[in-house]
Every structure is written in C-alpha cells, then in structure tokens.
Amino acid sequence: QLEDSVGGLVHAGASLRLSCASSERTFSSYSIGWSRLAPGKEHEFVGFIGWRAINTNFADSVKDRFTILRDNTKNTDYLQMKRLKPEDTAIYYCAAKYYQPSSAPEEYDYWGQGNQVTVSS
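Residues numbered from 1 in each chain as written. Predicted model: local features only at pLDDT ≥ 70, side-chain atom pairs only at ≥ 80, totals over all residues. Heavy atoms only, no water.

**Remarks on the overall build of the protein**
Then, number 1: When helices and strands are tallied, the protein shows 0 helices and 11 strands.
Then, number 2: In sequence order, the protein lays out its α and β elements as β-β-β-β-β-β-β-β-β-β-β.
Then, number 3: The C-alpha atoms of the protein give a radius of gyration of 13 Å, which matches the 14 Å a tight globule of 121 residues would have.
Then, number 4: With the principal axes as the frame, the protein shows a C-alpha extent of 40 × 25 × 25 Å.
Then, number 5: Per-residue burial for the protein yields a buried fraction of 49% across its 121 residues.
Then, number 6: Considering only contacts in the protein between residues 6 or more positions apart, those separated by 24 or more positions represent 57%.
Then, number 7: Accessible surface, the protein as shown: approximately 6,500 Å² in total, 48% of it carbon and sulfur.
Then, number 8: The distance from the centre of the 13 positive side-chain charges to the centre of the 14 negative ones in the protein is 7 Å. (Helix = DSSP H or I, 4+ residues; strand = E, 2+ residues; numbered from the N terminus. Rg over C-alpha atoms; globule rule 2.2 N^0.38 Å. Buried < 20%, exposed > 50% of the residue type's maximum accessible area, 1.4 Å probe, protein only. Contact = heavy atoms within 4.5 Å. Areas by Shrake-Rupley, 256 points an atom, 1.4 Å probe, with all protein chains shown as cover. Lys, Arg positive; Asp, Glu negative; His and termini not counted. Charge placed at Lys NZ, Arg CZ, Asp CG, Glu CD.)

This is the structure:
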C-alpha cells in the first residue's frame, strides 16, 4: 500500500516535494516510479528510483529539475521538484513494482491515490 503526500498550488519557478510512503517491510526491494497525468495528455513517465536506490532515471522533460530520494528508515521516497513550470501541472502518482524499475507506468503493480500539482504562470 502506498500513501502519497498532498500536492499543491505553486507559482512557476517554485519548488515542491512529494512523498510516497509504504508500510511494506521489504520496501527496499521495490522500485518506485513517478508518473503524471495532465488533461488531454497521455499518462507520462516522470522518473523512477530502483530497488535499494540503486539508480534513478528521469524523463527528458524533467531531467535536471527533478530528483528522487529514498529514506529507508521511513520507507518513504521523495520526488523533489525544482524550477516548476506551468506545463508540469498534472496529477502526480507514485507506484511500486518488485525489483527492476521501469519507465512504463503500466508495469507497476501498486499505486498511490495521486495528487494534484498546479503551477501557475
């Protein structure tokens, strides 16, 4: 089970951090992926952190602005978003899959409820 943090409304250029917490004891064995869904657009991969935080990967649209950190003591991953743009406005989801990460949202098995992030210009 995954629990997302609440999103928010921010101005362009601001930063925002989303969290994704799990009660799973073997959390370190899961990869966490972040994706987003904006009106009129397809479900878009944002980034992932591999199991045991081995690696991270990001979509070109957010690379150099977004990072993902894992706190194993809290079974929580954080999506740190900087220099937000209006085009980043979307519902953001975190999802988990066992072991190997993927840039395909449909390959994830467990999903958070999603949270709205709105970036005003």
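That shown, we press on.
**Some remarks on unusual backbone geometry**
Then, number 1: Notably, Ala53 is not glycine yet its phi reads approximately 55°, a positive angle.
Then, number 2: Tracing the backbone shows Ala53 in the loop between strand 5 (44-49) and strand 6 (56-58).
Then, number 3: Although it is not a glycine, Asp64 adopts a positive phi angle of roughly 75°.

**Quick notes on the pairing of strand 11 (residues 115-120)**
Then, number 1: Only one face of strand 11 is buried, namely the one carrying Asn115, Val117 and Val119, since none of Gln116, Thr118 and Ser120 on the opposite face is buried.
Then, number 2: Judged from the 3 bridges that link them, strand 9 (residues 90-98) and strand 11 form a sheet pairing that is antiparallel. By the bridge assignment, Ala90 is partnered in strand 11 with Val117. (Pairing = 2+ DSSP bridges.)

**Some points on the pattern of salt bridges**
Then, number 1: Going through the model one piece at a time under the given rule, you end up with 5 salt bridges.
Then, number 2: Across the pair Asp88 and Arg36 runs a salt bridge, and its minimum N-O distance is 2.9 Å. Here Asp88 is found in the loop between strand 8 (76-81) and strand 9, whereas its partner Arg36 is found in strand 4 (residues 30-37), with 52 residues between them in sequence.
Then, number 3: Using a relative accessible area of 0% as the deciding quantity, one classes Asp88 as buried. (Salt bridge = Lys/Arg side-chain N within 4 Å of Asp/Glu carboxyl O.)

**Some remarks on the state of the cysteines**
Then, number 1: Summed over all chains, the structure comprises 1 disulfide.
Then, number 2: Each sulfur of the disulfide joining Cys20 and Cys94 lies 2.1 Å from the other. Handedness of the Cys20-Cys94 disulfide follows from its S-S torsion of about 75°: it is right-handed. Of this pair, Cys20 sits in strand 3 (residues 16-22) while Cys94 sits in strand 9; the two residues are 74 residues apart in sequence, bridging distant segments of the chain. Considered together, Cys20 and Cys94 belong to a single accessibility category, that of buried residues. (Disulfide = S-S within 2.5 Å.)

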